[in-house]
Amino acid sequence: MDVGAYDDELLAAIYDDDNPDGADHDYFRSVADEISAASITDLGCGTGILTVTLAGPGRIVAGIDPAAAMLARAESRPGGDCVEWRLGTSELIDREANDLIIMSGNVAMHILGEVWSSALRDIARGLKPGGRLVFESRNPLAEAWTKWNSSREVRNTAVGKLRETETVSEPDSNGIVTMTCSNDFIDAGRIVETTQRLQFRSFDTLVRDLTAAGLRVVNVWRSWDRTPFTGKASEPLMVIEAVKNPG
Ligand SMILES: C[S@@+](CC[C@H](N)C(=O)[O-])C[C@H]1O[C@@H](n2cnc3c(N)ncnc32)[C@H](O)[C@@H]1O
């Protein structure tokens, strides 16, 4: 399990400022509204910045994440008492209970190898017939990792000055890219070393994996405004909507 880059209170403390609410969250909320989802699970909910905004009258919302530091922030944020938080992974999804399961912020890419296959089975089992899974993943053809090697200037964060130094590998034969980062929290007097592994899956691989789990891909977008994805290297984002086959 890859929680190393998140399960630290300093990293969790800067997460929301680095990943604010935006067009991606608007998209996830609009899907929930369009399908009148009464029960939603946010898998890999992190600090819950999106999760709490999904909650509302007549809706049951659960947020699941294996990083305790992230979940602690989720629980204590305004609106946190309207969500059921669970520390763990996909095995904690309630069975046949969800109209909608989401994975935002490229959570899918954090779930590697065989764990991905079992997570998709848990997701399929967790959806009601006709229920929907929505998530995004990066298109490997766009080779985002080539732009990630960096040594940044010192920047100001909610917990003081921070200097990050990242190293990124080329993908291995399974499309897994390893990122190591040294986070020097200068004012806090602590250096947090993280290793993060992200799996880049092609569109065809995603369709194959979802189909094997009993999920049918119904839409793929290349942007949060729902422009169709056509498979080109110039389209870095794949937003996938899949439906649980009835029966
Ligand atoms: C980039 S964050 C995204 C958080 C949140 N969904 C958002 O959009 O802000 C990735 C999250 O995936 C979680 N994660 C890592 N491995 C996971 C797994 N096997 N199952 C569920 N979540 C996982 C991490 O703990 C982290 O909180």
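Bear in mind that the values here come from a model prediction, so they are computed numbers and not experimental data. (Residues numbered from 1 in each chain as written. Predicted model: local features only at pLDDT ≥ 70, side-chain atom pairs only at ≥ 80, totals over all residues. Heavy atoms only, no water.)

1. A short note on the nonpolar core
Thinking step 1. Met103, Ile123, Leu133, Phe135 and Leu215 are the most contacted members of the largest nonpolar core, which totals 25 residues.
Thinking step 2. The set of elements that each furnish at least two residues to this core consists of strand 4 (98-103), helix 5 (107-110), helix 6 (113-126), strand 5 (127-138), helix 7 (203-212), strand 11 (215-221) and strand 12 (237-244).
Thinking step 3. Apart from residues lying up to four places away in sequence, leucine 133 is in contact with Ile101, Met103, Leu120, Ile123, Leu127, Leu210, Leu215, Ile240, Glu241 and Ala242.
Thinking step 4. If you look at the next biggest cluster of nonpolar residues, it comprises 21 residues, including Leu54, Val83, Ile102 and Trp221. (Core = buried A, V, L, I, M, F, W, Y, C linked by side-chain atoms within 4.5 Å. Buried < 20%, exposed > 50% of the residue type's maximum accessible area, 1.4 Å probe, protein only. Helix = DSSP H or I, 4+ residues; strand = E, 2+ residues; numbered from the N terminus. Contact = heavy atoms within 4.5 Å.)

2. A closer look at the pairing of strand 8 (residues 160-168)
Thinking step 1. In this sheet, strand 8 lies alongside strand 7 (residues 155-157) in antiparallel orientation, the contact comprising three bridges. Among the inter-strand pairings, asparagine 156 is bridged to a residue of strand 8, identified as lysine 161.
Thinking step 2. Following strand 7, the chain reverses through two residues before pairing antiparallel with strand 8.
Thinking step 3. Note: strand 8 against strand 9 (residues 176-185), seven bridges, orientation antiparallel. In the sheet register, glutamate 166 faces strand 9, and the bridge partner there is cysteine 181. (Pairing = 2+ DSSP bridges.)

3. Digging into the pattern of salt bridges
Thinking step 1. Tallied over the entire structure, the rule returns 17 salt bridges.
Thinking step 2. Between arginine 222 and glutamate 235 there is a salt bridge whose closest N-O contact spans 3.1 Å. Linking arginine 222 in the loop between strand 11 and strand 12 with glutamate 235 in the loop between strand 11 and strand 12, this pair joins segments that are 13 residues apart in sequence.
Thinking step 3. On the basis of relative accessibility, which here comes to 3%, the residue glutamate 235 falls in the buried class.
Thinking step 4. Each of the salt bridges in this network shares a partner with another, and the network as a whole consists of Asp18, Arg155 and Glu164. (Salt bridge = Lys/Arg side-chain N within 4 Å of Asp/Glu carboxyl O.)

4. A look at the domain arrangement of the protein chain
Thinking step 1. In terms of domain boundaries, the protein chain breaks down into domain 1 (3-139 + 201-244) and domain 2 (142-198).
Thinking step 2. Computed from C-alpha coordinates alone, the two centres of domain 1 and domain 2 are separated by 23 Å.
Thinking step 3. Contacts between domain 1 and domain 2 engage 18 residues on the former and 20 residues on the latter.
Thinking step 4. Overall, the association of domain 1 and domain 2 removes approximately 1,500 Å² of surface from exposure, summing both partners, and the carbon and sulfur fraction of that is 66%.
Thinking step 5. At the junction of domain 1 and domain 2, the tally comes to two salt bridges.
Thinking step 6. One salt bridge connects aspartate 18 with arginine 155, and the closest N-O pair in it is separated by 2.9 Å.
Thinking step 7. Between the two partners, domain 1 and domain 2, sit four residue pairs in polar contact (both at pLDDT 80 or more).
Thinking step 8. For the side of domain 1 that touches domain 2, the elements supplying multiple residues, two or more each, are helix 1 (9-18) and helix 5.
Thinking step 9. Per-element accounting of the side of domain 1 that touches domain 2 gives the leading share, seven residues, to helix 1. (Domains from an automatic or database assignment. Buried area = accessible area lost by both parts, 1.4 Å probe. Polar contact = N/O pair within 3.5 Å; in protein donor to acceptor, adjacent residues only side chain to side chain.)

5. Remarks on the sheet that holds strand 5
Thinking step 1. With mixed pairing, seven strands are arranged side by side in an open sheet as 3-2-1-4-5-12-11. Each having just a single partner strand, strand 3 (84-87) and strand 11 make up the two edges of the open sheet. Averaged over all adjacent pairs, the angle separating strand axes in this sheet is 20°, with direction ignored.
Thinking step 2. Contacts between helix 4 (residues 68-76) and the sheet are confined to strand 2 (60-65) and strand 3, with strand 3 contributing the most and set at about 170° to the helix.
Thinking step 3. Contacting strand 1 (39-43), strand 4, strand 5, strand 11 and strand 12, helix 6 crosses the sheet at an angle of about 145° to strand 5. (Axes fitted to C-alpha atoms, helices over the stretch in contact; angles between N-to-C directions.)

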